[in-house]
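Coordinate analysis (summary)
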Amino acid sequence: MRDTPLPAFEEAFNALRQFTRVRRPTADAVEFCELCSAGLAHEHPHLVELSSRQILCACDACAVLFDGREDAKFKRVSRRALHLTDFEMSDGQWESLLIPINMAFFFRSSVERRTIALYPSPAGAVESLLSLESWNEIEASHPALALLRPDIEAFLVNRVGHSRGLTGAEYYIAPIDECYKLVGLIRTNWRGLSGGAEVWTEIGRFFLDLRSRADAVGGEANA
């Protein structure tokens, strides 16, 4: 028996989980809430578990409990996407970040109290040893990066076309689950040493879709 009562939030959450567990998932449900096991629609909220960085599928009822909460184990992932249309980063600045490829995402971890840099690979997300001095310099010169919401949004960079002289570099503030979706897409479709045509088609489709949904804002937008 507990010596002290549960906080009101935990009481409500436990009651909700007990209620939703008795619901029968719909026959066509292919995904389930990882908190209460309710069946989910194709489009559904996600939560991020802060200490492990794990992305969890959630139903609306469970996800709403974590809206704007800073003291919980989970945070609800943002759905906001911003295309930073005039954000500029020199080749020298990019190289100073020690990212071995021309695609990566950066987010602030509230648990580790630092900015973390990850890049996709055929094996999944790889953490880069971020040069703190270089990152701080870039962050200080680009107020748009102050818009980042810790844990749930990332600064997503695509310089692949730029490095080949084909297109301009692309810079986004994107939901963190979209960044991990990109990682999974690359891991699933990569073939051989160069990746193969299919993975590059899927990458192009991913950024085309993200661009179509993102709000275009100046790269020096203020928070």
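The structure contained in this document is the topic of the report that follows. (Residues numbered from 1 in each chain as written. Predicted model: local features only at pLDDT ≥ 70, side-chain atom pairs only at ≥ 80, totals over all residues. Heavy atoms only, no water.)

What to know about the packing of aromatic side chains
Considering all chains together, one arrives at twelve aromatic pairs under this definition. For the ring pair W94 and F106, a centre distance of 6.4 Å and an interplane angle of 85 degrees mean the geometry is edge-to-face. With a gap of twelve residues between them, W94 in helix α3 (residues 91–96) and F106 in strand β7 (residues 103–109) connect regions that are remote in the sequence. For W94, a relative accessible area of 4% gives the class buried. Aromatic ring contacts, followed pair by pair, group F87, W94, F106, W135, F155 and Y171 into a single cluster. (Phe/Tyr/Trp six-rings, centres within 6.5 Å; stacked < 30°, edge-to-face > 60°. Helix = DSSP H or I, 4+ residues; strand = E, 2+ residues; numbered from the N terminus. Buried < 20%, exposed > 50% of the residue type's maximum accessible area, 1.4 Å probe, protein only.)

Some points on helix α6 (residues 176–189)
Here α6 contains 14 residues, and its C-alpha end-to-end distance of 20 Å stays within 8% of the 20 Å for a straight helix at 1.5 Å per residue. With respect to burial, α6 is a largely interior element, ten of its 14 residues being buried. When we look at burial in α6, the residues that qualify are I176, D177, E178, C179, L182, V183, G184, L185, I186 and N189. (Expected span 1.5 Å × (residues − 1).)

Considering the pattern of salt bridges
Applying the stated criterion to the full structure yields 16 salt bridges. With its nearest N and O atoms 3.4 Å apart, the salt bridge here joins E127 to R53. Of the two residues, E127 is situated in strand β9 (residues 124–128) and R53 in the loop between β3 (46–49) and β4 (54–57); the sequence distance between them amounts to 74 residues. R53 sits in the partly exposed class, given a relative accessible area of 21%. Two residues, D91 and R159, come together in a salt bridge whose shortest N-O distance is 2.5 Å. Of the two residues, D91 is situated in helix α3 and R159 in the loop between β10 (153–158) and α5 (160–163); the sequence distance between them amounts to 68 residues. According to the relative accessible area criterion, R159 is buried, its value standing at 2%. What emerges from the salt-bridge pattern is a single network uniting R79, D177, E178, D209 and R213. (Salt bridge = Lys/Arg side-chain N within 4 Å of Asp/Glu carboxyl O.)

Considerations on unusual backbone geometry
We note that S37 has phi near 75 degrees; this positive angle belongs to a residue other than glycine. Mapped onto the fold, S37 is located in the loop between β1 (31–32) and β2 (39–40). On the accessibility criterion, S37 (43% relative accessible area) is partly exposed. At L98, a residue that is not glycine, the phi angle is positive and equals roughly 65 degrees. Within the element layout of this structure, L98 appears in the loop between α3 and β7.

A closer look at the pairing of β3
Sheet analysis places β3 next to β4, joined by four bridges and oriented antiparallel. In the strand pairing of β4, H46 is matched with C57. Taking the residues between adjacent antiparallel strands as the criterion, β3 and β4 are bridged by four residues, where R53 takes a positive phi near 65 degrees. Strand direction decides the pairing type here: β3 and strand β5 (residues 74–76), joined by three bridges, are antiparallel. (Pairing = 2+ DSSP bridges.)

Details of the sheet that holds β3
Pairing is antiparallel in the open sheet, where three strands are placed in the order β4-β3-β5. Looking at strand neighbours, the two that pair on one side only are β4 and β5, the edges of this open sheet. Neighbour-to-neighbour, the strand axes of the sheet open up by a mean angle of 30 degrees, direction not taken into account. (Axes fitted to C-alpha atoms, helices over the stretch in contact; angles between N-to-C directions.)

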